[in-house]
Amino acid sequence: DAGITQSPRYKITETGRQVTLMCHQTWSHSYMFWYRQDLGHGLRLIYYSAAADITDKGEVPDGYVVSRSKTENFPLTLESATRSQTSVYFCASKPTGKDYGYTFGSGTRLTVV
Amino acid sequence: DQQVKQNSPSLSVQEGRISILNCDYTNSMFDYFLWYKKYPAEGPTFLISISSIKDKNEDGRFTVFLNKSAKHLSLHIVPSQPGDSAVYFCAASPFAQGGSEKLVFGKGTKLTVNP
């Protein structure tokens, strides 16, 4: 199916564990992004990527790692999960050019206990 | 420091009336602005955008107005429908400055349209 998919939709993990959130898009969009949504904070950028093998930090990158070996995939890894990383995570993609808005995935709700 | 501000966390209007959602920004480098709508348990979806070379953009029931001197934009929904009930995010980008095409989002305004 065409589009952008995130997996898993829901995840519960323990403090200190490593967890990876997956994001896959089928359009070959150049740009991909990871945001987290928290009450009172809106959407905050964690990391983004302009192309395969090119990534950069956003507003709140601490505690997260990303990679982009293929254009279509942009996994987000929490190296050692903390309770403050409990959030809803959204992946997005967009083609180059300013007349295109982001297309977001459906989100992953992560709970760290 | 919040660069995109949506000062109203919530807004309630009657069906058929106008909904006006406001957004202020502080970064004078922003030159491209977007509105996204988000339903519960779904990702945000693109609604409408405006470039800084314009002061108005319409798409059906949705109109975005930009006042560059005041660093203010607003989204008008006319007439409002119950299906418009959602969280609306304002976003901005310094696109003309080159670089990443990152968007900076506001905290969102929850719109409730009452039948």
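Preceding this paragraph is the structure being described.
All figures in this text were calculated on a predicted structure; none of them were measured in a lab.

Engineer: Describe the overall build of chain B, listing the residues and the values that go with them.
Structural biologist: Within chain B one finds zero helices and 11 strands. Traced from its N-terminal end to its C-terminal end, chain B shows the element sequence β-β-β-β-β-β-β-β-β-β-β. In chain B, buried positions account for 44% of the 115 residues. By sequence separation, contacts in chain B at least 24 residues apart represent 54% of the contacts at least 6 residues apart. Surface summary for chain B: the accessible area is close to 5,500 Å², and the carbon and sulfur share equals 50%. Charge separation in chain B, taken as the distance between the mean sites of 12 positive and 10 negative side-chain charges, equals 4 Å.

Engineer: If you had to explain the sheet that holds strand S1 (residues 4–7) of chain A to someone new, which residues and values would you point to?
Structural biologist: Strands pair in a sheet through their backbones, by hydrogen bonds, and they do so in one of two ways: parallel or antiparallel. Residue and element names in this part refer to chain A. Spatially, S1-S3-S8-S7 is the arrangement adopted by the four strands of the open sheet, whose pairing is antiparallel. The two strands at the open ends of the sheet, each matched to only one other strand, are S1 and strand S7 (64–66). Between one strand axis and the next, the sheet turns through 15 degrees on average, direction left out of account. Relative to strand S8 (residues 76–78), strand S3 (residues 19–25) is paired through three bridges, and the arrangement is antiparallel. The partner of Thr20 across the bridge, within S8, is Thr77.

Engineer: Can you explain the environment of Thr96 of chain A? Please cite residues and give values.
Structural biologist: All names here are of chain A. Tracing the backbone through its elements, the reader meets Thr96 in the loop between strand S9 (87–94) and strand S10 (103–104). Counting along the chain gives 66 residues from Thr96 to Ser30, while the straight-line C-alpha distance between them is 6.2 Å. Polar contacts involving the side chain of Thr96 include one to the side chain of Ser30, which spans 3.3 Å.

Engineer: Quick rundown of the pairing of strand S9 (residues 86–93) of chain B? Include the residues and the values.
Structural biologist: Residues and elements named next belong to chain B. Most of S9 sits inside the fold, with seven of its eight residues counted as buried. Here strand S4 (residues 32–38) runs beside S9; their pairing, made up of seven bridges, is antiparallel. By the bridge assignment for S9, Trp35 is matched with Cys90. With three bridges joining them, S9 and strand S11 (residues 109–114) adopt antiparallel strand pairing. Pairing of Tyr88 across the sheet is with Thr109, part of S11.

Engineer: How would you sum up the pattern of salt bridges? Please name residues and give values.
Structural biologist: Residue and element names in this part refer to chain A. Under the definition given, this model contains five salt bridges over all chains. A salt bridge links Asp38 to Arg36, with the shortest nitrogen-to-oxygen separation between them at 2.8 Å. The exposure class of Asp38 is buried, given its relative accessible area of 13%.

Engineer: Could you give an account of the sheet that holds strand S1 (residues 4–5) of chain B, with specific residues and numbers?
Structural biologist: Residue and element names in this part refer to chain B. Pairing in this open sheet of five strands is antiparallel, and the strands run S1-S3-S8-S7-S6 from one edge to the other. Each end of this open sheet is capped by a strand with a single partner; those strands are S1 and strand S6 (56–59). In the sheet, S6 pairs with strand S7 (residues 62–67) via four bridges, with the strands oriented antiparallel. Counted as the bridge partner of Asp59 is Phe62 from S7.

Engineer: Which residues make up the nonpolar core, and what values go with them?
Structural biologist: All names here are of chain B. Counting 23 residues, the largest nonpolar core has Phe33, Trp35, Leu73, Leu75 and Tyr88 as the members making the most contacts within it. Of all elements in the fold, only strand S3 (19–25), S4, strand S5 (45–51), S7, strand S8 (72–77), S9 and S11 reach the threshold of two or more residues within this core. In terms of residue count, the dominant contributor to this core is S9 (four residues). Not counting the four nearest positions on each side in its chain, Phe33 is found in contact with Tyr25, Ile48, Ser49, Ile50, Leu66, Leu73, Ala91 and Ala92.

Engineer: Got a sec to walk through the state of the cysteines? Specific residues and values, please.
Structural biologist: Residue and element names in this part refer to chain A. Applying the stated criterion to the full structure yields two disulfides over all chains. With its sulfur 1.8 Å from that of its partner, Cys23 forms a disulfide with Cys91. Judged by the sign of its S-S torsion, about -75 degrees, the bond between Cys23 and Cys91 is left-handed. Note that Cys23 is positioned in strand S3 and Cys91 in strand S9, a separation of 68 residues in sequence. Classification of Cys91 by relative accessible area gives buried; the value is 0%.

Engineer: Provide a residue-level description of the environment of Lys56 of chain B, including the pertinent values.
Structural biologist: Residue and element names in this part refer to chain B. Checked against the element boundaries, Lys56 lands in strand S6. With a relative accessible area of 41%, Lys56 lands in the partly exposed category. Between the C-alpha atom of Lys56 and that of Leu73, which follows or precedes it by 17 residues, the distance is 9.5 Å. Among residues more than four places away in sequence, those in contact with Lys56 are Ile50, Thr63, Val64 and Phe65.

What counts and what doesn't
Residues numbered from 1 in each chain as written. Chains lettered and ligands numbered in written order. Predicted model: local features only at pLDDT ≥ 70, side-chain atom pairs only at ≥ 80, totals over all residues. Heavy atoms only, no water. Helix = DSSP H or I, 4+ residues; strand = E, 2+ residues; numbered from the N terminus. Buried < 20%, exposed > 50% of the residue type's maximum accessible area, 1.4 Å probe, protein only. Contact = heavy atoms within 4.5 Å. Areas by Shrake-Rupley, 256 points an atom, 1.4 Å probe, with all protein chains shown as cover. Lys, Arg positive; Asp, Glu negative; His and termini not counted. Charge placed at Lys NZ, Arg CZ, Asp CG, Glu CD. Pairing = 2+ DSSP bridges. Axes fitted to C-alpha atoms, helices over the stretch in contact; angles between N-to-C directions. Polar contact = N/O pair within 3.5 Å; in protein donor to acceptor, adjacent residues only side chain to side chain. Salt bridge = Lys/Arg side-chain N within 4 Å of Asp/Glu carboxyl O. Core = buried A, V, L, I, M, F, W, Y, C linked by side-chain atoms within 4.5 Å. Disulfide = S-S within 2.5 Å.

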